[in-house]
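# Notes for the structure review
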Amino acid sequence: NLSQEFGPKVTGRLTGFARRLQHSMDEKFRGDTPVGILSFLRSFKEAADHNRISEGAAARLIPYFLTGIAKEGYRTHFKEIPVGAAIYPHMVQYLLATYARDDELSKAYHAVTSAKQATGEYEQSFARRLQSAAMIAGSVVDKANLKTIFVEGLQPHLQSDVRLHVKPAMTFEEVKHV
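As a starting point, this report considers the structure included with it. (Residues numbered from 1 in each chain as written. Predicted model: local features only at pLDDT ≥ 70, side-chain atom pairs only at ≥ 80, totals over all residues. Heavy atoms only, no water.)

## Notes on helix H8 (residues 123-136)
Convention followed: Going along the chain from the N terminus, every DSSP run of H or I of four or more residues is numbered as a helix, and every run of E of two or more is numbered as a strand. Helix span, expected: 1.5 Å multiplied by one less than the number of residues in the helix. Burial status follows relative accessibility: with a 1.4 Å probe on protein chains alone, a residue under 20% of its type maximum counts as buried, one over 50% as exposed, and anything between as partly exposed. Working definition: the arc comes from the directions between the helix axis and the C-beta atoms, pointing outward to the latter. Only heavy atoms enter the contact rule, under which two residues are in contact if any of them lie within 4.5 Å.
The end-to-end C-alpha distance of H8, which contains 14 residues, comes to 20 Å, matching closely the 20 Å that a straight helix rising 1.5 Å per residue would cover. Of all the positions in H8, only Phe126, Ala127, Leu130 and Ala134 are classed as buried. The buried residues of H8 all sit within an arc of 100° when viewed along its axis, so they share a single face. On the buried face of H8, the contacting elements are helix H7 (102-113), helix H9 (143-153) and helix H11 (172-175).

## Thoughts on the packing of H8 against H9
Cut-off, in case you're wondering: Axis definition: a line fit to C-alpha positions, over the contact stretch in the case of helices; interaxial angles, taken between N-to-C directions, run 0 to 180 degrees. Oblique is the label for every angle not falling under 35 degrees (roughly parallel), over 145 degrees (roughly antiparallel), or within 65 to 115 degrees (roughly perpendicular). Each crossing is labelled by how the near helix is turned from the far one, with a counterclockwise turn of less than a right angle marking it left-handed and a clockwise turn marking it right-handed. We call Asp, Glu, Lys and Arg charged. Ala, Val, Leu, Ile, Met, Phe, Trp, Tyr, Cys and Pro are nonpolar, and the rest, Gly among them, are polar.
Their axes nearest at 11 Å, the elements H8 and H9 cross at an angle of 135°. Classed by the angle they form, the pair H8 and H9 counts as oblique. As for how H8 packs across H9, the hand of that crossing is right-handed. On H9, the residues that touch Glu123, Phe126, Ala127, Leu130 and Ala134 of H8 are Leu146, Ile149, Phe150 and Gly153. In terms of residue class, the contact of H8 with H9 is built from seven nonpolar, one polar and one charged.

## A closer look at the side chain of lysine 147
Rule in force here: His is not counted, nor are the chain ends; Lys and Arg add positive charge and Asp and Glu add negative charge. The rule for a salt bridge is simple: a side-chain nitrogen of Lys or Arg has to be within 4 Å of a carboxyl oxygen of Asp or Glu.
Relative to the helices and strands, lysine 147 is located in helix H9. There is no salt bridge for the buried lysine 147, and the closest opposite charge comes from glutamate 174, which lies 7.0 Å off by N-O distance. With near-sequence residues (within four places) excluded, lysine 147 lies in contact with Lys167, Pro168, Ala169, Met170, Thr171, Phe172 and Val175.

## Section: the packing of aromatic side chains
Put simply, the test is: Only centres within 6.5 Å qualify two rings of Phe, Tyr or Trp (six-membered ring in Trp) as a pair; their planes then separate them into stacked at under 30 degrees, edge-to-face at over 60, and tilted for everything else.
In total, this model carries nine aromatic pairs according to the counting rule given. Here the aromatic rings of phenylalanine 44 and phenylalanine 65 are separated by 5.8 Å at their centres, their planes lie at 65°, and the arrangement is edge-to-face. Taken together, the positions of phenylalanine 44 in helix H3 (residues 37-50) and phenylalanine 65 in the loop between helix H4 (55-61) and helix H5 (68-77) put the pair 21 residues apart, joining distant regions of the chain. Assessed through its relative accessible area of 0%, phenylalanine 44 is described here as buried. Measuring from centroid to centroid gives 6.4 Å for tyrosine 74 and tyrosine 94, while their planes differ by 65°, and the two rings are edge-to-face. Taken as a pair, tyrosine 74 in helix H5 and tyrosine 94 in helix H6 (residues 88-99) lie far apart in primary sequence, 20 residues in all. You can call tyrosine 94 buried: its relative accessible area is 14%. Each member of the aromatic cluster is reached from another via a ring pair, and the members are Phe29, Phe40, Phe44, Phe65 and Tyr99.

Pasting the structure below:
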């Protein structure tokens, strides 16, 4: 509880920061999809930067954006945070070391790079499924490769048609609408 740690002025500022972050972020991190930590941390950092929240304030707010096993593990590891401690990089490092393990990253990379359009699946549905898997995987697969993975994952009869219309400068968003 923020009010137990700080005085009313600091608690008010942190509560305001937390509300602004909530509006900027998609969801909290639960820990049940470990590699999802990558997209969570990217989203958290983007929201904090957008809202001009300092690392010190961000360090105090991270626990409020964790739930489930992620929150429990975090509480166990960081029992106390000394006021003024430069702890934000340590928190990020802990979360990455705990959830973004090599085997999890490999599985996430494989899930994206080996994605194939299912029989009867519309191209737009496949694009959404691929984009969702890539989002969970964070920056394991870059956006430039995503359009190639999409085209190669299409049913063979669609691949040739799409390849005829795809230009090198096109983005994934443009390619999925070809």
